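Structural features, examined
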Amino acid sequence: MVQLPADQVRSAANRLKRAQGQLAGVVRMLEEGRDCEEVVTQLAAVNRALDRAGFAIVASGLKECLSQEGGADSLDTQKMEKLFLSLS
């Protein structure tokens, strides 16, 4: 099991918290009956924020795997591929 460094955890958590705030804004917009185009635009921004957070987490995990004993030889490439594809 790969454990991310504390600074990477903080960075990813901050990204996810920002996305959470954006999503709360989208819900509020829906409840207020805001224009559909505005809602969809904000929802797309939330989606991009989540994607960036997810890729940052996977990339940090990959970096940690490569820096550990065994390096690239110890990587489960199928598992890494599955993680990347789950974000697409």
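These numbers come from a predicted model, not from an experiment. (Residues numbered from 1 in each chain as written. Predicted model: local features only at pLDDT ≥ 70, side-chain atom pairs only at ≥ 80, totals over all residues. Heavy atoms only, no water.)

1. Quick notes on the overall build of the protein chain
- Broken down by element type, the protein chain carries three helices and zero strands.
- Buried positions account for 19% of the 88 residues belonging to the protein chain.
- For the protein chain, long-range pairs separated by at least 24 residues make up 60% of all intrachain contacts whose partners lie at least 6 apart in sequence.
- By element, 55% of the accessible surface of the protein chain is carried by carbon and sulfur atoms, the whole surface being about 6,500 Å². (Helix = DSSP H or I, 4+ residues; strand = E, 2+ residues; numbered from the N terminus. Buried < 20%, exposed > 50% of the residue type's maximum accessible area, 1.4 Å probe, protein only. Contact = heavy atoms within 4.5 Å. Areas by Shrake-Rupley, 256 points an atom, 1.4 Å probe, with all protein chains shown as cover.)

2. Points about the side chain of Ser60
- When you line up the elements, Ser60 lands in helix H2 (residues 36–67).
- Note on Ser60: relative accessible area 10%, which makes it buried.
- Setting aside residues up to four positions removed in sequence, Ser60 forms contacts with Leu4 and Gln8.

3. Topic: a nonpolar patch on the surface
- The grouping of Leu16, Leu50 and Ile57 at the surface amounts to a nonpolar patch, some 220 Å² of accessible area in total.
- Residue placement: Ile57 occurs in helix H2. (Patch = residues over 30% accessible without salt bridge, like charges linked within 9 Å, V, L, I, M, F, W, Y side chains within 5 Å. Salt bridge = Lys/Arg side-chain N within 4 Å of Asp/Glu carboxyl O.)

4. Here's the deal with the pattern of salt bridges
- Enumeration according to the criterion identifies two salt bridges in this entry.
- Across the pair Glu32 and Arg34 runs a salt bridge, and its minimum N-O distance is 3.9 Å.
- Since its relative accessible area comes to 41%, Arg34 is described here as partly exposed.
- Between Glu38 and Arg34 there is a salt bridge, and its shortest N-O distance comes to 3.0 Å.
- For Glu38, a relative accessible area of 35% translates into the label partly exposed.
- If you follow the salt bridges from partner to partner, you end up with Glu32, Arg34 and Glu38 in one network.

5. What about the environment of Leu43?
- By the secondary structure assignment, Leu43 is in helix H2.
- Taking the relative accessible area as the measure of exposure, Leu43 reaches 42% and is therefore partly exposed.
- As for Leu43 and Gly25, which are separated by 18 residues in sequence, their C-alpha atoms are 9.2 Å apart.
- Every residue in contact with Leu43, bar those within four places of it in the chain, is listed here: Leu23 and Val26.

6. Looking at helix H1 (residues 6–31)
- When the terminal C-alpha atoms of H1 are compared, their 37 Å separation across 26 residues agrees well with the 38 Å that a helix rising 1.5 Å per residue should span.
- Looking at the residues trailing H1, positive phi occurs at Gly33, about 75 degrees. (Expected span 1.5 Å × (residues − 1).)

7. A look at the confidence of the model for the protein chain
- Across the protein chain, the average pLDDT comes to 84, with 85% of residues at or above 70.
- Within the protein chain, helix H3 (residues 77–86) has the poorest average pLDDT of any element, 74, and H1 the best, 93. (pLDDT = per-residue confidence, 0-100.)

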